[in-house]
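Listed below are the residues making up each chain.
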Amino acid sequence: MKNLPIWLDPEPWLNRKFSPTEIQTALGAESPSEETLAALLSPAAVDFLEPMAARAQALTRRHFGRTVQLYVPLYLSSYCPGGCAYCGFASDRNTARHKLSLEQVETELAALEKMGFEEILLLTGERTPEADFDYVRDCVERAARRFHSVNIEMFPMSETEYRELAEAGCSGVTLYQETYHPETYAAMHRWGPKSDFSERLEAPARALAGGQRFAGLGALLGLSDPLFDCLALYRHARHLQKTHWQSGLTISFPRIQREAGDFTPPHPVSNSQLAQIVFAFRIVLPDVPLVLSTRETPALRDGLAGLGINKMSVASKTTVGGYAEEGSEDVSRRSRAKAEGQFDVSDARGVEEFCAMLRSKNLEPVFKNWDAAYR
Amino acid sequence: MNSGIREQESGVRIQETPDTLKLGNVEFKSRLILGTGKFSDTETMIKAIEASGTELVTVALRRFNPKQPNDDLYRPLAQLKNVTLMPNTSGAMNAKEAVRAAQLGRELSGSSFVKVEIHPNPHHLMPDPIETYAAAKELAADGFIVLPYIPADPVLAKKLEDAGCAAVMPLGAAIGSGGGLSTADMLALIIRDSNIPVIVDAGLRSPSEAAAAMEMGCDAVLVNSAIAAAENPVAMARAFALGVETGYAAHEAGLMPRSDIAVATSPLTSFLK
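Not measured: the values here are computed from a predicted model. Along each chain, numbering runs from 1 in the same order as the chain's sequence is written. Working convention: letters from A go to chains and numbers from 1 go to ligands, in the order in which they are written. It should be noted that, the model being predicted, local features are given only for residues of pLDDT at least 70 and side-chain atom pairs only at 80 or more, the latter also being counted only at that level, while totals for whole chains, interfaces and linings use all residues. Calculated side-chain values reflect all of the structure's heavy atoms, with hydrogen atoms and water omitted.

Undergrad: Outline the overall build of chain B, supporting the account with residue identities and numerical values.
TA: Counting secondary structure elements, chain B contains nine helices and 12 strands. Relative to the globule expectation of 19 Å for 273 residues, the C-alpha radius of gyration of chain B, 20 Å, shows essentially globular dimensions. Summarising its shape, the C-alpha atoms of chain B cover approximately 80 × 40 × 35 Å along the three principal directions. Here the analysis covers contacts within chain B between residues at least 6 apart in sequence; of these, 62% occur between residues at least 24 apart. For accessible areas, the Shrake-Rupley method is used with a probe of radius 1.4 Å. Any residue's cover is judged against the shown protein chains and nothing else. Approximately 12300 Å² of chain B is accessible, and the part contributed by carbon and sulfur atoms is 54%. Counted charges follow a simple rule, with Lys and Arg positive, Asp and Glu negative, and His plus the chain ends left uncounted. A charge is said to be at NZ when it belongs to Lys, at CZ for Arg, at CG for Asp and at CD for Glu. Seen as two clouds, the 24 positive and the 31 negative side-chain charges of chain B have centres 2 Å apart. A run of H or I in DSSP counts as a helix once it spans at least four residues, and a run of E counts as a strand once it spans at least two, with each numbered from the N terminus. Values of the radius of gyration come from C-alpha atoms, whereas the globule rule sets the reference at 2.2 Å times the count of residues to the power 0.38. We call two residues contacting when some pair of their heavy atoms lies within 4.5 Å.

Undergrad: Go over helix α11 (residues 271-284) of chain A with me, naming the residues and quoting the values.
TA: Residues and elements named next belong to chain A. Look at α11: 20 Å from first C-alpha to last across 14 residues, which is about the 20 Å you get at 1.5 Å a residue. We call a residue buried when its accessible area falls under 20% of the maximum for its residue type, exposed when it is over 50%, and partly exposed in between, using a 1.4 Å probe and counting protein chains only. With 11 of 14 residues buried, α11 is to be regarded as a mostly interior element. All of the buried residues in α11 are L274, A275, Q276, I277, V278, F279, A280, F281, R282, I283 and V284. Helix span is expected to be 1.5 Å times the residue number reduced by one.

Undergrad: Could you give an account of the environment of E159 of chain A, naming the residues involved and the relevant values?
TA: All names here are of chain A. Tracing the backbone through its elements, the reader meets E159 in helix α6 (residues 159-168). We classify E159 as partly exposed; its relative accessible area is 37%. Separated by 157 residues in the primary sequence, E159 and S316 have C-alpha atoms spaced 29 Å apart. Filtering out sequence-adjacent residues up to four positions away, E159 remains in contact with R206, A209 and G210.

Undergrad: Which residues make up the interface of chain B and chain A, and what are the values?
TA: On the chain A side, the residues contacting the 36 residues of chain B number 35 residues. Accessible-area loss on putting two parts together, using a 1.4 Å probe and summing over both, is the definition of buried area adopted here. Carbon and sulfur atoms supply 43% of the area that chain B and chain A bury against each other, a total of about 2900 Å² over both sides. By salt bridge we mean one thing: a side-chain nitrogen of Lys or Arg within 4 Å of a carboxyl oxygen of Asp or Glu. Summed over the shared surface of chain B and chain A, the number is five salt bridges. For the salt bridge of R63 of chain B with E364 of chain A, the shortest nitrogen-to-oxygen distance reads 3.3 Å. We call two N or O atoms a polar contact when they sit within 3.5 Å, provided that within protein one can donate a hydrogen and the other can accept it, with sequence-adjacent residues counted only if both atoms are side-chain atoms. Applying the counting criterion to the chain B and chain A interface returns 26 residue pairs in polar contact (both at pLDDT 80 or more).

Undergrad: Lay out the pairing of strand β12 (residues 220-223) of chain B in plain terms, naming residues and giving numbers.
TA: Residue and element names in this part refer to chain B. Alternating residues of β12 divide into A220 and L222 and V221 and V223, and every residue in both groups is buried. We call two strands paired when DSSP finds no fewer than two bridges between them. Pairing of strand β5 (residues 32-35) with β12, which is carried by three bridges, proceeds in the parallel orientation. Residue pairing across strands places L34 opposite V223, the latter belonging to β12. Direction of pairing for strand β11 (residues 199-201) relative to β12: parallel, over a ladder of three bridges. The residue bridging V200 from the neighbouring strand is V221, located in β12. Crossover handedness is defined here as right-handed if the route from the first strand over the helix to the second strand goes clockwise, with the strands pointing away from the viewer. This β-α-β element, β11 to helix α7 (residues 207-216) to β12, shows right-handed connectivity.

Undergrad: Any details on helix α10 (residues 226-243) of chain A? Residues and values, ideally.
TA: Residues and elements named next belong to chain A. Compared with an ideal rise of 1.5 Å per residue, which puts 18 residues at 26 Å, α10 spans 25 Å between its outermost C-alpha atoms and is within 8% of the ideal. Burial within α10 is extensive, with 13 of its 18 residues counted as buried. Sitting at the head of α10, D225 places a side-chain oxygen 3.1 Å from the backbone nitrogen of L227.

Undergrad: With reference to specific residues and values, describe empty space enclosed by the protein.
TA: Residue and element names in this part refer to chain A. Using a grid of 1 Å spacing that covers the protein atoms alone, one calls a set of points a cavity when a 1.4 Å probe fits there but cannot get out, and a pocket when the set is open and has protein on both sides within 12 Å along at least five of seven lines; lining residues are those with an atom within 4 Å of a point. Grid points are joined across faces, edges and corners, and a volume is the space filled by probe spheres set on the points. According to the stated counting rule, one finds three cavities of 30 Å³ or more in the structure shown. If you go around the largest cavity, you meet 38 residues; those closest to its centre are Y75, L123, E153, R295 and Q342. Within the residue set of the lining of the largest cavity, elements represented by two or more residues are β1 (67-75) and β2 (119-123). With three residues, the single largest contributor to the lining of the largest cavity is β1. Under the scheme applied, nonpolar residues are Ala, Val, Leu, Ile, Met, Phe, Trp, Tyr, Cys and Pro; charged residues are Asp, Glu, Lys and Arg; polar residues are all the others, including Gly. Grouping the amino acids of the lining of the largest cavity by side-chain chemistry returns 21 nonpolar, 10 polar and seven charged.

Undergrad: An account of unusual backbone geometry is requested, with residue identities and associated values reported.
TA: Residue and element names in this part refer to chain A. A positive phi is found at A315, a non-glycine position, where the angle reads about 60°. Assignment of secondary structure puts A315 in the loop between β8 (311-313) and α13 (331-340). Although it is not a glycine, N362 adopts a positive phi angle of roughly 65°. Classification of N362 by relative accessible area gives partly exposed; the value is 37%.

Undergrad: Quick one: what's the story with the pattern of salt bridges, residue by residue and with numbers?
TA: Inspection of the entire model under this criterion finds 33 salt bridges over all chains. With its nearest N and O atoms 2.6 Å apart, the salt bridge here joins K311 of chain A to E119 of chain A. Here the residue K311 of chain A occupies a position in strand β8, and E119 of chain A occupies one in strand β2, the gap between them amounting to 192 residues. Comparing K311 of chain A with E119 of chain A shows no difference in burial state: the two are buried. A salt bridge links D138 of chain A to R137 of chain A; the shortest N-O distance between them is 3.9 Å. If you follow the salt bridges from partner to partner, you end up with E106, E113, E118, R142 and R146 of chain A together with K67 of chain B in one network.

Everything listed here is a matter of geometry and, on its own, says nothing about what the molecule does.
Below, the structure is given as structure tokens:
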């Protein structure tokens, strides 16, 4: 894709300069807009990080209360024909490939159910013969028997396929555009089906049209200019809110760290930049759940919980499966996780330890916030 | 609707027990209803409920978790004495889902009360009047004590009364917004013509707003965010109880009529004498 569609293009807000007064105005904006977001992400807003945090906390508390919703990812397969420069599952990486058999899926689901989870996110790479649509549907069906909320983060599908998954019990689709910057997108996604920018961009809308209740959006911070990607991400979300008014959106803030293959992000985002981005999104989208994964360190996750972030993964493994073996954790397993994970988990705390942290911050961990009655 | 003696359209005067809120066949002394989401922990929620003196709380079916006691809102609430549970259908997108959720809620809790809450847009959470009406009608016919959460629409309120609802619960402002009684004019119309209790649900931020709603003639208020998101939820629960009590007492006492016109010393109509 050469030119972004008009509803997505962040160009008009890219080169704005903001005064401290304009930042103040943005902080209290009653009808936030692209302008508000651009102001809050600008260098001038760095001096306002503290009031931004306070506003983000107040809005989070108002809309979501003193709660943090928890979910867990389950990687079903690491087979992938994709050529994503930054990904540990890319087809040119020399990592061993795995896929859970349906029996193994059952075992993993049972282990996660026992850990207390009620919301699960099933993941695969791009579409492969090993992990194709039928396999995914079978896994969704199995998960829906055990969990009230089942979501997927996988290859883009057709509307018909999304509908079939909704009928199988899937409630939501997470699909990050990674970067909204077309040239960077082309450079990062070197080959494979994911090199098609539009196919991926339009998938969340197809998912919602196909009966999925929730769409999770995100940009992989570090790939491109964060201002460009954040503005486009915001515009993508606003567009979907208008075109699919009955849909729920969530926004995640994955940040690229060193993966297998030693990929170095061309636009690294610092901790304080990431915090600024989270606060800014909470202010411009006060009622949209904001998600932070275990890519981030305990210190950062603890700090951002309730400060904009109201939904988090916990006890995640980014290798295929791995939950059922919990307890037999040893050096060889950990080194396998290091070598074969999609990305390194920075927060390895277990469910109990993480919940204790939330409670110490006066936040209630919520496992079940959905019901199978709404399928 | 006022308590005490009131005249119905038919001219029949009916006597109600003074000072109680009657919903279906159940009478409540407290006119404050509490929502149970958004609290930092179960202990705070329970203490807030106790401090509020409420006798009716609503809990979302989606927060029932029989599998994990730590994550279950229902069990600790069910153990409270003198508190009736009202499951709600939050999360339902249409009438079909709400009816299913209501039936599950009744099955799990044994309570026939249901707060019908259908908000197809999960961001602003505005209630869907069309689906709410369909679900309320079906559930009322099925023997539920139905309290629908609705936009402040006087026509819809009367239609829901005719459909057999036990009360109507129009919003003061958007859920969690703290916008107060932004729908006051419409609420006044709903109160004026209703034969069933009118309960302001959603939007209240302060006890003074709860008092104002009661002074207007509301029969009760339902509060969640304003208590759960307050600095001190337990103290705020008590403050809301006082606000509701004050507002109700003021309404019963009869407020002095408001008038912009000074009474002329030489009456304009003296020529008529």
